[in-house]
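Observations on chain architecture
Okay, here's what each chain looks like letter by letter:
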There are 4 protein chains.
Amino acid sequence: MEKRARVLIDCEDAKGLVYQIAKVFYDRGLNIDTNREFVDKQNKRFFMRTIVTGVFTIKELEDELQKISPKDAHIRVIEPRDKKIILLVTKESHALGDILIRHADGELGADIECVIANHNTLETLVRRFDIPFFHISAEDMSREAHESKVMQCIKQFDFNYIVLAKYMRILTPTFVKAYPQKIINIHHSFLPAFIGANPYKQAFDRGVKIIGATAHYVTDDLDEGPIISQDVIPVNHRLTWKDMQRAGRDGEKIVLSRALSLVLNDRVFVNGNKTVIF
Amino acid sequence: MEKRARVLIDCEDAKGLVYQIAKVFYDRGLNIDTNREFVDKQNKRFFMRTIVTGVFTIKELEDELQKISPKDAHIRVIEPRDKKIILLVTKESHALGDILIRHADGELGADIECVIANHNTLETLVRRFDIPFFHISAEDMSREAHESKVMQCIKQFDFNYIVLAKYMRILTPTFVKAYPQKIINIHHSFLPAFIGANPYKQAFDRGVKIIGATAHYVTDDLDEGPIISQDVIPVNHRLTWKDMQRAGRDGEKIVLSRALSLVLNDRVFVNGNKTVIF
Amino acid sequence: MEKRARVLIDCEDAKGLVYQIAKVFYDRGLNIDTNREFVDKQNKRFFMRTIVTGVFTIKELEDELQKISPKDAHIRVIEPRDKKIILLVTKESHALGDILIRHADGELGADIECVIANHNTLETLVRRFDIPFFHISAEDMSREAHESKVMQCIKQFDFNYIVLAKYMRILTPTFVKAYPQKIINIHHSFLPAFIGANPYKQAFDRGVKIIGATAHYVTDDLDEGPIISQDVIPVNHRLTWKDMQRAGRDGEKIVLSRALSLVLNDRVFVNGNKTVIF
Amino acid sequence: MEKRARVLIDCEDAKGLVYQIAKVFYDRGLNIDTNREFVDKQNKRFFMRTIVTGVFTIKELEDELQKISPKDAHIRVIEPRDKKIILLVTKESHALGDILIRHADGELGADIECVIANHNTLETLVRRFDIPFFHISAEDMSREAHESKVMQCIKQFDFNYIVLAKYMRILTPTFVKAYPQKIINIHHSFLPAFIGANPYKQAFDRGVKIIGATAHYVTDDLDEGPIISQDVIPVNHRLTWKDMQRAGRDGEKIVLSRALSLVLNDRVFVNGNKTVIF
């Protein structure tokens, strides 16, 4: 039976790769629906995302592509299907709300397995959508103890990504290492400007004329992971930092949802500390 | 001797095209430097722009690609080299000036063969850059008579594109047909809003909150040709239409220069009344 | 007791107005917190929005300002307080959802009296937020008959604005006239480009490189009312019109919510077919 | 004889200021053409820019305003008239070129007294516009020795602003202190991101999705002065840092010219390390 899949290839660059890969598709009678490639010349890495249609099994196609690719090749053949995500939040509802509405609409491209929060502020909102909500307070507890409880909770679920939808806590390296390339964060500034706490206050104090938001993969270094999406909003001297925070929320939620859409559609490759986005 | 060329293919879509084309490059030992493809599914057309490096002759490569492509295929193998352009202007200096500065800097990617104007306002500016300037007044003359003089002038030069850098006259179908897909215009609005005369006045009267500029190929229908590039500038109630015009100039010159850069780098395919841009 | 109010003045321009108005505030010992003015020179109209704090009664302050202003002056002294709105929707959830989330968060600046829809698609979503939902189908009914039922429903509520959050029906002049300067619409294009039905399809067919959204007051002329807010989103040849529609939704909801915030904060003056926004 | 002036007031905030100032204009029979105010509540400072028309002398009006204002008030009554500027450049032509074209067009709002460069690369371009060019090489010289030569050169001219149009040298505190609030710089990043050398290389290495440019007053702290204007340009993984540099130039020149226009029109107040812009 005819099907459709996303073929993702990420490997050392080599001569003839496009030909070799196209030959695999051609020999099997597969149709190339869309095709994007990129070669990172600095690091000599090749990235390719192709949508193919035709008759094939995932396993066979992966094996065949592996055969003609450099040894280090990371090859994935993925059928388009909803992913599963877990949301971590604190008190603010805008990023979470945007995701909930898209989810309710069937537009998100993911099932929300649960929402975990270190405050119970958002419980009512989440329950309106019949989604499991876990309040895991961090009060009177070491960072490690709290995270271990969160990780216990996460363990119950099958998931592709953990989305920090304004989760206002710093994660330990232990937590981050447990979910490599699986944690997406929205940072409320135009990184690398205003790393760390209260970027709107920092932006106000610096007197900038534009504020921004950045969605990125979380790595060990705070706010230093590969950037997926960024956007900006003009501001002026009339805005207090609270006004900037309010104005910035629209940017935050849109940037996070856009990044999420890219990730859930398998359009993002992590390339060292950067991303390649097709 | 090793060289580098842009391969542009534009044809009816067909199965196996990417493979067939990649095979030609592979069999000749050519390296694919960058590669972009697009299939217009509505019209079943295939577009591809590849930069190849290696040892080859233009003619042979074109012939070989022609052989494996659908009959209607439009195939061009182009060595990156400065193009030649002719500028048509009226009185405003901003778009012209931007091009002159880039040209003087060696950043334009084109030689300016001459500037033709229906007023002599810009003669001093053009002469500062030692570029031939022709003042062909349209006064007391039919549109046809004036255009015929302009075409006489153009005839002396070898050129790839005619750039209307704020040429404030409507062209006849005769003129347009003489230079198919060779005339680039900057229209001072966000097309298709405000077609026709004085779009800033129209924008002011309509009370819009954003104004724009559009660079496009010129076709028979006024302001209806394939769009290459667009950009916008926020405005508000405090601006008069003269203020909008002034503010809009930055957008106009940047949009035109960006479109010109795309066209001169052979990144633009005309696809019916639209463009495909790699 | 000290209070705070927005003073809105809209009148024929006259010499000494700023002085006369400032004198009223000064003589009463009121503090000017913020102050914005604008003179439309073309139409010789004066607009002013001042936030004052101090001890006063609304009625007295309005009367006193009326006395020193030109006869046609439209003067409003408004205490900042949540407004009441009614939402009209059809099937799409993004604009409605954005408003519901802001409302649930206490960020909207308005109470939602009810949601009226010509389809029942959004009933579940609205009920999740415990907001009255009225499904008034338009099937097998004249436009007039349907509108009369909608107006019956509206009549039960006290409200400041009717918000068309993707209400996909054309309103009759009767309906529009019943609520002057009280109906806010989001149009899914960068007006005045693509007036009318399916603007995304129109944008796709025209091959534009930027799409937009426009929030405006509804007047008799379809899509011709005073514009409050506009924004744009870049697109390219790879997007189908369905993709454009999807991408455009983020713009639509943000533009509508921004316009709503401006209107609910009494920052918008209607000035003929335009707006003055402070 | 009737004239027109910009009245700029910058002082400690106080009750009744708007009234007192409006009274001065009113008593003298002056017309308020446009009027903008702002109160920085954090620092309790009042800013006002009014355009008045009528019969008055600068000196008398300034004195009268001084009388009714707090003691620390900085009051300027300025007739709109071209300012004088000195340009400092290094090798790149885009920012300089943009200013030269506007100047040639009579659109700049300033006379260019001279261009001073630490390389002679731009001499030909500047001479095309008949503007004095001084090549003051910094080779084999201490920073102090070079700056002292530059200051000698500057001394010959009367000027309002020194514009660093991509002057790629760090200024000493001595130089900066000599021209307080008179030096405008364009920094080729979205400050405070990428302070210091080669911001495009930094942006490339960080993998950002947007790059920017910032025009600011120069103070002792490198890249830390009050920001006047900022703008951004989207980028992606396909751009090398050289590509980003090229793409960024359009932003740089537009942001600098916009900042220059604001400053030359007396629309910018310096407020500590920030700006208030009307």
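About the thresholds
- Residues numbered from 1 in each chain as written.
- Chains lettered and ligands numbered in written order.
- Predicted model: local features only at pLDDT ≥ 70, side-chain atom pairs only at ≥ 80, totals over all residues.
- Heavy atoms only, no water.
- Patch = residues over 30% accessible without salt bridge, like charges linked within 9 Å, V, L, I, M, F, W, Y side chains within 5 Å.
- Areas by Shrake-Rupley, 256 points an atom, 1.4 Å probe, with all protein chains shown as cover.
- Salt bridge = Lys/Arg side-chain N within 4 Å of Asp/Glu carboxyl O.
- Helix = DSSP H or I, 4+ residues; strand = E, 2+ residues; numbered from the N terminus.
- Buried < 20%, exposed > 50% of the residue type's maximum accessible area, 1.4 Å probe, protein only.
- Phe/Tyr/Trp six-rings, centres within 6.5 Å; stacked < 30°, edge-to-face > 60°.
- Pairing = 2+ DSSP bridges.
- Axes fitted to C-alpha atoms, helices over the stretch in contact; angles between N-to-C directions.
- Contact = heavy atoms within 4.5 Å.
- Buried area = accessible area lost by both parts, 1.4 Å probe.
- Polar contact = N/O pair within 3.5 Å; in protein donor to acceptor, adjacent residues only side chain to side chain.
- Nonpolar A, V, L, I, M, F, W, Y, C, P; charged D, E, K, R; others polar.
- Least-squares fit on C-alpha atoms with pLDDT ≥ 70 in both.
- Parallel < 35°, antiparallel > 145°, perpendicular 65-115°, else oblique.
- Left-handed = near helix turned anticlockwise from the far one by under 90°.

All names here are of chain A. Together, Ile170, Ile195 and Leu222 make up a nonpolar patch on the protein surface, roughly 240 Å² of accessible area in all. If you trace the backbone, Ile195 turns up in the loop between β9 (183-187) and α7 (199-206). The partly exposed category is assigned to Ile195, whose relative accessible area is 34%.

Let's shift gears to the packing of aromatic side chains. Tallying each qualifying case throughout the model produces 34 aromatic pairs over all chains. With a centroid separation of 4.1 Å and an interplanar angle of 20 degrees, the aromatic rings of Tyr26(A) and Tyr19(B) are classed as stacked. With one member in each of two chains, Tyr26(A) in helix α1 (residues 17-27) and Tyr19(B) in helix α1 (residues 17-27) form a pair that bridges those chains. The class for Tyr19(B) is buried, based on a relative accessible area of 8%.

Moving on to the sheet that holds strand β7 (residues 133-135) of chain B. Residue and element names in this part refer to chain B. Strands sit in the order β7-β6-β5-β8-β9-β10-β11 across an open sheet of seven strands; the sheet is mixed. Single-partner strands in this sheet number two, and they are β7 and β11 (227-234). Strand-to-strand twist in this sheet, taken as the mean axis angle between neighbours without regard to direction, amounts to 20 degrees. Examined bridge by bridge, strand β10 (residues 210-217) and β11 share seven bridges and lie antiparallel to one another. Looking at β11, one finds that Ala213 is bridged to Asp231. Against the sheet, helix α8 (residues 241-264) makes contact with β5 (83-89), β6 (110-117), β8 (161-164), β9 (183-187), β10 and β11, and its axis sits at roughly 155 degrees relative to β11, the strand it touches most.

The subject of this paragraph is the interface of chain B and chain C. Counting residues at the interface gives 32 residues for chain B and 32 residues for chain C. Between chain B and chain C lies a buried interface of about 2700 Å² when both sides are counted; carbon and sulfur atoms form 59% of it. Interface area lost by chain B to chain C is led by Arg206(B), Lys209(B) and His237(B), which between them contribute 26%. Put simply, chain B and chain C have two salt bridges between them. Note that Glu224(B) is salt-bridged to Arg206(C), the shortest N-O span being 3.4 Å. On inspection of chain B and its partner chain C, the count reaches 16 residue pairs in polar contact (both at pLDDT 80 or more). Examining the composition of the side of chain B that touches chain C, we find that six residues originate from one element, β11(B), more than from any other.

A word on the interface of chain B and chain D. As a measure of interface size, the accessible area lost when the parts come together is often cited. Counting from both sides, the interface comprises 18 residues of chain B and, opposite them, 18 residues of chain D. Of the roughly 1700 Å² buried at the junction of chain B and chain D (both faces included), carbon and sulfur atoms supply 45%. The interface formed by chain B and chain D holds eight salt bridges in total. Between Asp98(B) and Lys253(D) there is a salt bridge; the shortest N-O distance is 2.4 Å. For the interface between chain B and chain D, the tally reads 11 residue pairs in polar contact (both at pLDDT 80 or more). Residue assignment for the side of chain B that touches chain D shows that the elements contributing at least two residues are α3 (94-104), α4 (123-128) and α8 of chain B. Here the side of chain B that touches chain D takes five residues from α8(B), the largest share from any one element. In terms of residue class, the side of chain B that touches chain D is built from four nonpolar, two polar and 12 charged.

We now examine the relation of the copies chain B and chain C. Overlaying chain B on chain C yields an RMSD of 0.0 Å, the required transformation being a rotation through 180 degrees with an accompanying axial translation of 0.0 Å. Such a combination of turn and shift is consistent with a two-fold rotation axis. Taking C-alpha positions as reference, the residue of chain B nearest the rotation axis is Ala193(B), located at 2.2 Å. When the interface residues of chain B are mapped onto chain C, 100% of them again fall at the interface, so both copies present the same face.

If you rotate chain B by 180 degrees and push it 0.0 Å along the axis, it lands on chain D with an RMSD of 0.0 Å. Interface residue correspondence from chain B to chain D reaches 100%, placing this contact among same-surface, isologous pairings.

Applying the stated rule across the entire model yields 104 salt bridges over all chains. As a salt-bridge pair, Arg81(A) and Glu79(A) come within 3.8 Å of each other at their nearest N and O atoms. The exposure class assigned to Arg81(A) is exposed, which follows from its relative accessible area of 59%. A salt bridge links Glu107(D) to Arg249(B), with the shortest nitrogen-to-oxygen separation between them at 3.1 Å. Remark: Arg249(B) occurs in helix α8 and Glu107(D) occurs in the loop between α3 (94-104) and β6 (110-117); the pair is interchain, linking two chains. Among the residues examined, Glu107(D) registers a relative accessible area of 35% and is labelled partly exposed. Arg249(B) sits in the buried class, given a relative accessible area of 15%.

Bringing the packing of α7(A) against helix α8 (residues 241-264) of chain A into the picture now. Residue and element names in this part refer to chain A. Where α7 meets α8, the closest approach of the two axes is 9 Å, and the angle between their N-to-C directions is 120 degrees. In terms of their interaxial angle, α7 and α8 are classed as oblique. The handedness of the crossing between α7 and α8 is right-handed. Where α7 abuts α8, its residues Tyr200, Lys201, Ala203 and Phe204 lie against Trp241, Met244, Gln245, Gly248, Arg249 and Glu252.

Nothing here speaks to function; it is all geometry.
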